[in-house]
Amino acid sequence: KNEVEQSPQNLTAQEGEFITINCSYSVGISALHWLQQHPGGGIVSLFMLSSGKKKHGRLIATINIQEKHSSLHITASHPRDSAVYICAVRVETSGSRLTFGEGTQLTVNP
Amino acid sequence: DAGVTQSPTHLIKTRGQHVTLRCSPISGHKSVSWYQQVLGQGPQFIFQYYEKEERGRGNFPDRFSARQFPNYSSELNVNALLLGDSALYLCASSRREIYYGYTFGSGTRLTVV
């Protein structure tokens with residue numbers, strides 16, 4: 001079983017819909033990251049969380065440390081949001097390395 | 001300010017050959033980490049270097065090696081390439097060894113034929 005599990009693996013939405021991507025982890029962490037990867041490979045860091053909630057534009061990320069769960073929400077989704085969204089954690093006992101989930105492929109249709 | 005720069009962007013190698021991938025971190029960043037991302041999967045940690053010393057190593061064979069130079073740039077070397085080494089190789093830099101913020105490069109797409 002992977003230490004970081006994401007759901008769903010694939011998600012198709014219509015423009016304007018509210019989107020939620022979930023991440024669960026099974027280890028103690030010092031931080032959780034949400035990342036965005038576009039075709040071609042480049043990764044952009046969206047959020048780093050250790051508690052609570054963060055918002056940036058139409059993106060909201062939450063984390064519940066007790067439940068070992070995080071969610072990434074996209075409000076008023078747009079086709080340009082289409083990308084792979086990846087959850088990654090810094091495991092407490094592994095220094096600064098990141099352990100990644102397998103990603104969620106999001107497609108937003110116009 | 002330039003981001004994390006990786007070179008080359010793409011390359012094709014034959015089984016058994018050797019490859020060297022390069023990464024230049026953001027100015028002021030002293031830590032460089034390497035990740036391998038096989039198609040359809042999340043990235044897997046290979047190495048972390050900080051102040052020219054190896055600070056972490058993932059579950060990869062000894063065919064994989066890396067180093068960091070005095071200017072904090074880094075090389076990832078892979079010997080005796082296998083078809084399964086075909087992947088996107090990502091470099092991430094951060095300001096300190098234990099620091100939450102990372103900046104990723106666009107990666108090097110390696111194809112082994």
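In short, a report on the structure. (Residues numbered from 1 in each chain as written. Chains lettered and ligands numbered in written order. Predicted model: local features only at pLDDT ≥ 70, side-chain atom pairs only at ≥ 80, totals over all residues. Heavy atoms only, no water.)

A word on the overall build of chain A. Each helix and strand in chain A was counted, giving 0 helices and 11 strands. For chain A, the α and β elements follow one another from N to C terminus as β-β-β-β-β-β-β-β-β-β-β. If one aligns the C-alpha atoms of chain A with their principal axes, the spans along those axes are about 45 × 30 × 25 Å. Within chain A, the fraction of its 110 residues that count as buried is 45%. Residue pairs at least 24 apart in sequence account for 55% of intrachain contacts in chain A once pairs closer than 6 positions are excluded. Side chains of chain A give 9 positive and 8 negative charges; the mean places of these two sets differ by 8 Å. (Helix = DSSP H or I, 4+ residues; strand = E, 2+ residues; numbered from the N terminus. Buried < 20%, exposed > 50% of the residue type's maximum accessible area, 1.4 Å probe, protein only. Contact = heavy atoms within 4.5 Å. Lys, Arg positive; Asp, Glu negative; His and termini not counted. Charge placed at Lys NZ, Arg CZ, Asp CG, Glu CD.)

This part is about the state of the cysteines. Residues and elements named next belong to chain B. Overall, the coordinates contain 2 disulfides over all chains when judged by the stated rule. Covalently, cysteine 23 is tied to cysteine 91 through a disulfide, its sulfur atoms 1.8 Å apart. Of note, the bridge from cysteine 23 to cysteine 91 carries an S-S torsion of about -60° and is left-handed in sense. Here cysteine 23 is found in strand 3 (residues 19–24), whereas its partner cysteine 91 is found in strand 9 (residues 87–94), with 68 residues between them in sequence. You'll find cysteine 23 and cysteine 91 in the same group, each marked buried. (Disulfide = S-S within 2.5 Å.)

Before going further, it helps to examine the interface of chain B and chain A. With 21 residues of chain B in contact, the opposing surface of chain A contributes 20 residues. Here chain B packs against chain A, burying approximately 1600 Å² in sum over the two surfaces, 56% of which is carbon and sulfur. At the junction of chain B and chain A, the tally comes to 0 salt bridges. Joining chain B to chain A, the criterion identifies 3 residue pairs in polar contact (both at pLDDT 80 or more). Within the side of chain B that touches chain A, the residues separate by chemical class into 10 nonpolar, 9 polar and 2 charged. (Buried area = accessible area lost by both parts, 1.4 Å probe. Salt bridge = Lys/Arg side-chain N within 4 Å of Asp/Glu carboxyl O. Polar contact = N/O pair within 3.5 Å; in protein donor to acceptor, adjacent residues only side chain to side chain. Nonpolar A, V, L, I, M, F, W, Y, C, P; charged D, E, K, R; others polar.)

The next thing to look at is the nonpolar core. Counting 24 residues, the largest nonpolar core has Leu32(A) and Trp34(A) as the members making the most contacts within it. When residues of this core are traced back to their parent elements, those giving at least two are strand 3 (19–25), strand 4 (29–37), strand 5 (43–49), strand 7 (59–64), strand 8 (69–74), strand 9 (83–91) and strand 11 (104–109) of chain A. The element best represented in this core is strand 9 of chain A, accounting for 5 residues. If we ignore the near neighbours within four places in the chain, the residues touching Leu32(A) are Cys23(A), Tyr25(A), Phe47(A), Met48(A), Leu49(A), Ile63(A), Ser70(A), Cys87(A), Ala88(A) and Val89(A). Grouped together as the second largest cluster of nonpolar side chains are 22 residues, Val4(B), Ile26(B), Val32(B) and Ala87(B) included. (Core = buried A, V, L, I, M, F, W, Y, C linked by side-chain atoms within 4.5 Å.)

Moving on: the environment of Asn64(A). All names here are of chain A. Its place among the elements puts asparagine 64 in strand 7. Here asparagine 64 falls in the partly exposed class, since its relative accessible area comes to 28%. The contact partners of asparagine 64, leaving out residues within four places of it in the chain, are Tyr25 and His69. A polar atom in the side chain of asparagine 64 sits 2.9 Å from the backbone nitrogen of glutamate 67.

Further remarks concern the pairing of strand 1 (residues 4–7) of chain A. All names here are of chain A. Residues Val4 and Gln6 of strand 1 are buried on one face, while the alternating residues Glu5 and Ser7, pointing to the opposite face, are not. The pairing of strand 1 with strand 3 spans 4 bridges and is antiparallel. Note on strand 3: the bridge partner recorded for glutamate 5 is serine 24. (Pairing = 2+ DSSP bridges.)

Residues and elements named next belong to chain B. Sheet architecture is open: 4 strands sit in the order 1-3-8-7, paired in antiparallel fashion. Strands with a single pairing partner mark the edges of an open sheet, and in this sheet they are strand 1 (5–7) and strand 7 (64–68). With direction set aside, neighbouring strand axes in the sheet form an average angle of 15°. Pairing between strand 1 and strand 3: 3 bridges, direction antiparallel. (Axes fitted to C-alpha atoms, helices over the stretch in contact; angles between N-to-C directions.)

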